[in-house]
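Inside the fold
The residues making up each chain are set out below.
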Amino acid sequence: MCGEGVPVITLDGPGGAGKGTVSRLLAQELGWHYLDSGALYRLVGLAALERGISLTDEAALAELARNLDAQFEPSDGGAEPRIYLQGREVTAALRSENCGEAASRVAALGRVRHALLERQRRFRRPPGLVADGRDMGTVVFPDAPLKIFLTASAEERARRRYKQLKDKGMDVRLDDLFKEIEARDARDRNRSQAPLKAAAEAVEIDTTGMEIAEVVQRVLALWRERCAQESV
Ligand code: DC
């Protein structure tokens, strides 16, 4: 049931459902690696914006994705990893709303997704990987022994994003964020390439009104129930 090789726990779901924080804390608890696949799409979006590449030029964007010179530097204590593009730190820039918007557009392109596939799979190294995204359980790691689908209401996700961005000193409006979240959800769910959906065997957790720590404990309990006895 727990599969062969290096174990992976996948966490998929819409933006703002708490995947990032939950995934990083899980990776920390287990002593595993962490893949923030959304950051890869954001990196492609950022690089395209900076280089003036049109967000509809699929061939040029796929080329950009294939040759992306990016590094992830893990942080301690469940904090966000530092991310570098061609040696320059872009961690904060990647979180901006226009970068998220660009990421959502490039993520809809099949050739860009394909170009990033192997790079994502290379994150699967011993002793294990927590993979955070939209298609981790359905496309990138279909053999993952534990697949989680995290959701939360759009209102709750907009409030969380608002707080996150305000804490970073950004000037944002709650109703703008709500509209952007709804638009991005629709695009992620309705695209033809790897649309956002739960893998058939995924365990769905609605995090509306739940504390992050509670969600982490739920996932850890599921992991231990299913697999920990086999791997110790
Ligand atoms: O999780 P995030 O907000 O950083 O993701 C940025 C965009 O990339 C978002 O529109 C969804 C898309 N994405 C994707 O299509 N597939 C993934 N595995 C991760 C993110």
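Residues numbered from 1 in each chain as written. Predicted model: local features only at pLDDT ≥ 70, side-chain atom pairs only at ≥ 80, totals over all residues. Heavy atoms only, no water.

**A closer look at the environment of Asp171**
Heads up, the condition is: Numbering of helices and strands runs from the N terminus, with a helix taken as a DSSP run of H or I at least four residues long and a strand as a DSSP run of E at least two residues long.
Within the secondary structure, Asp171 is located in the loop between α8 (154-167) and α9 (174-190). Taking the C-alpha atoms as reference, Asp171 lies 25 Å from Gly52; in sequence the two are 119 residues apart.

**Remarks on the site of the ligand**
Note the threshold: Definition of nearness: a residue and a molecule or strand are near each other if at least one heavy atom of the residue lies within 4 Å of the molecule or strand. Polar contacts, as counted here, are pairs of nitrogen or oxygen atoms within 3.5 Å of one another; within protein the pair requires one atom able to donate a hydrogen and one able to accept it, and residues that are adjacent in sequence qualify only if both atoms are side-chain atoms. Any residue outside Ala, Val, Leu, Ile, Met, Phe, Trp, Tyr, Cys, Pro, Asp, Glu, Lys and Arg is labelled polar, Gly included; the first ten of those are nonpolar and the last four are charged.
Residues in contact with the ligand amount to 17 residues; listed here are only the nearest, Ser37, Arg42, Arg113, Asp135 and Arg191. The separation between an oxygen atom of the ligand and a polar side-chain atom of Arg191 is 2.8 Å. Elements with a minimum of two residues in the shell around the ligand: α2 (37-51), α5 (97-106) and α9. The leading source of residues in the shell around the ligand is α2, at 4 residues. When grouped by side-chain class, the residues that make up the shell around the ligand number 4 nonpolar, 4 polar and 9 charged.

**Notes on helix α3 (residues 58-66)**
The criterion, for reference: Note on classification: 1.4 Å probe, protein chains only; a residue is buried when its accessible area is under 20% of the maximum for its type, exposed when over 50%, partly exposed between these limits. Here the arc refers to the directions that run from the helix axis out to each C-beta atom. We call two residues in contact whenever any of their non-hydrogen atoms come within 4.5 Å of each other.
When we look at burial in α3, the residues that qualify are Leu61, Ala62, Leu64 and Ala65. The arc enclosing the buried residues of α3, seen along the axis, measures out at 160 degrees, which places them on a common side. On its buried side, α3 packs onto α2, α5 and α6 (110-121).

**Considering the nonpolar core**
Just so we agree on the cut-off: Buried residues of nine kinds, namely Ala, Val, Leu, Ile, Met, Phe, Trp, Tyr and Cys, make up a nonpolar core once their side-chain atoms join them within 4.5 Å.
Counting residues in hydrophobic clusters, the biggest one holds 35 residues, and the most contacted among them are Leu35, Leu43, Val44, Val112 and Phe141. Tallying contributions element by element places α2 first for this core, with 8 residues. If we ignore the near neighbours within four places in the chain, the residues touching Val112 are Tyr41, Val44, Leu61, Ala62, Ala65 and Val106. Val22, Tyr34, Val203 and Cys227 belong to the second largest nonpolar core, which has 24 residues in total.

**Brief notes about unusual backbone geometry**
Pro127 follows Pro126 through a cis peptide bond whose omega is 5 degrees. Inspection of the secondary structure puts Pro127 in the loop between α6 and β6 (129-133). Here the phi dihedral of Gln86 falls at roughly 50 degrees; this positive angle occurs in a residue that is not glycine. Taking relative accessible area as the criterion, Gln86 reaches 52% and is therefore assigned exposed.

**Quick word on the sheet that holds strand β8 (residues 203-206)**
What counts, and what does not: A pair of strands counts as paired when DSSP detects no fewer than two bridges linking them. A fitted line through C-alpha atoms represents every axis, and for helices the fit uses only the stretch in contact; the resulting angles, taken between N-to-C directions, go from 0 to 180 degrees.
Spatial strand order, β2-β6-β1-β7-β8: 5 strands in an open sheet with parallel pairing. At either margin of the open sheet sits one strand with a lone partner, and together these are β2 (33-36) and β8. Ignoring strand direction, the axes of neighbouring strands in this sheet form an average angle of 20 degrees. The sheet contact formed by strand β7 (residues 146-151) and β8 spans 4 bridges and is parallel. When the sheet's bridge partners are listed, Phe149 is paired in β8 with Glu204. Across the sheet, α2 lies against β2 and β6, angled at about 40 degrees from β2, the strand it touches most.

**Points about the sheet that holds strand β3 (residues 70-73)**
In sheet architecture, strand pairing relies on hydrogen bonds along the backbone and comes in two forms, parallel and antiparallel. The 3 strands lie next to each other as β3-β4-β5, forming an open sheet whose pairing is antiparallel. Among the strands making up the open sheet, the edge pair consists of β3 and β5 (88-89). One ladder, built from 2 bridges, connects strand β4 (residues 82-85) with β5; its direction is antiparallel. Within β5, the residue paired with Tyr84 across the bridge is Glu89.

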